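Remarks on the overall topology
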Amino acid sequence: MNQTLDRRRLLATAALGGVVGATGLGSLAPEAAFAAETAAVEPGMPDPNFAEGRISKISGSMLLVTGSDAVLHSIRITDGTSIWKLHPTTFDRVAVGDGLYARGVRLPDGTLAADSVWVNIVNLHGHIASVGRNMLHLDHKGQRIVAHVVPGRSAAVYNGTPAISDMSLLRVGRHVQVLGAWHPDTNEIDIATVYAAA
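One structure accompanies this document, and this report is about it. Only a predicted model underlies this, so the values are computations on that prediction, with no experimental measurement involved. Residue numbers restart at each chain and count upward from 1, following the sequence in its written direction. In view of the model being predicted, local features appear only for residues whose pLDDT reaches at least 70, and side-chain atom pairs are presented and counted only at 80 or more, with totals across whole chains, interfaces and linings using the full set of residues. In computing side-chain properties, one takes all heavy atoms of the structure into account and sets aside hydrogens as well as water.

1. Notes on the pairing of strand 6 (residues 112–119)
Residues in a regular strand project their side chains so that they alternate between the two faces of the sheet. Rule in force here: Exposed residues in this analysis have more than 50% of their type's maximum accessible area, buried residues have under 20%, and partly exposed residues fall in between, with area computed by a 1.4 Å probe over protein chains only. Only DSSP runs of H or I covering at least 4 residues are called helices, and only runs of E covering at least 2 are called strands; the numbering of each starts at the N terminus. What makes two strands pair is DSSP finding at least two bridges between them.
The element strand 6 is largely enclosed, with a buried count of seven among its eight residues. Strand direction decides the pairing type here: strand 3 (residues 72–84) and strand 6, joined by six bridges, are parallel. Across the sheet, the residue bridging to Ile75 is Leu112, located in strand 6. The pairing of strand 5 (residues 99–106) with strand 6 spans seven bridges and is antiparallel. Each residue of the ladder has a partner; that of Val105, found in strand 6, is Ala113.

2. Brief notes about the nonpolar core
Note the cut-off: In this text, buried Ala, Val, Leu, Ile, Met, Phe, Trp, Tyr and Cys residues form a nonpolar core when linked through side-chain atoms within 4.5 Å.
By size, the foremost hydrophobic cluster in this structure holds 19 residues, and its most contacted members are Leu138, Leu170, Val176, Val178, Ile189 and Val194. Looking at this core, the elements with two or more residues in it are strand 7 (121–132), strand 8 (135–140), strand 9 (143–148), strand 10 (155–158), strand 11 (175–182) and strand 12 (188–196). Considering each element in turn, this core owes the most residues, four residues, to strand 12. Counting residues in each nonpolar core, the second largest holds 14 residues, with Leu63, Val65, Ile75 and Ile83 among its members.

3. Notes on the environment of Leu124
Here Leu124 shows up in strand 7. Classification of Leu124 as buried rests on a relative accessible area of 0%. Sequence-wise, Leu124 and Gly180 are 56 residues apart; in three dimensions their C-alpha atoms are separated by 8.5 Å.

4. Quick notes on the pattern of salt bridges
Here is the rule we go by: Salt bridges are counted wherever a side-chain nitrogen of Lys or Arg sits within 4 Å of a carboxyl oxygen of Asp or Glu.
Evaluated as defined, the whole model comprises four salt bridges. Across the salt bridge formed by Asp47 and Arg103, the nearest N and O atoms sit 3.0 Å from each other. Taken together, the positions of Asp47 in the loop between helix 2 (30–35) and strand 1 (50–59) and Arg103 in strand 5 put the pair 56 residues apart, joining distant regions of the chain. By relative accessible area, Asp47 is classed as buried at 18%. Under the relative-accessibility criterion, Arg103 is labelled buried at 11%.

Put into structure tokens, the structure is as follows:
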């Protein structure tokens, strides 16, 4: 089945909770970012230190991003910016067409100097429809998602135990939460971590 999802729909239904910047000790794992506190923002007001959208242009260390609400963002990547794209990575792995969430500091010219950027990140809940060789087929809010197991990267957490690479306890019909990286313009993701009951 070669079914594609609209990026806005996929990201909207698999949206992040709070995301935060890097710590003085280095980047936070994406899982830690979900639990961390963010700065207080007036209810109903946009967070000035956060941006989301799809990269339309890369110019030097600047990302030009079109938000899902059609707002244009200029995001500056610095030497201190932590970048996640399935795993901590470097700026050269970011591409036009990628979706992102970014957190940083808004500069006087309106540019966001990014502390952290999460590229193509998804955090979704679904049910396992089938298990294949190095992949799961998930039902997510009426959509089929193909979730690829990436050898050496993907991990499973069963009943809150430490993460392991063994995916053999995942069963058809079980509810799972998957943190991963979206393949732009498809219904496919790579699994970073899958959370399930054993």
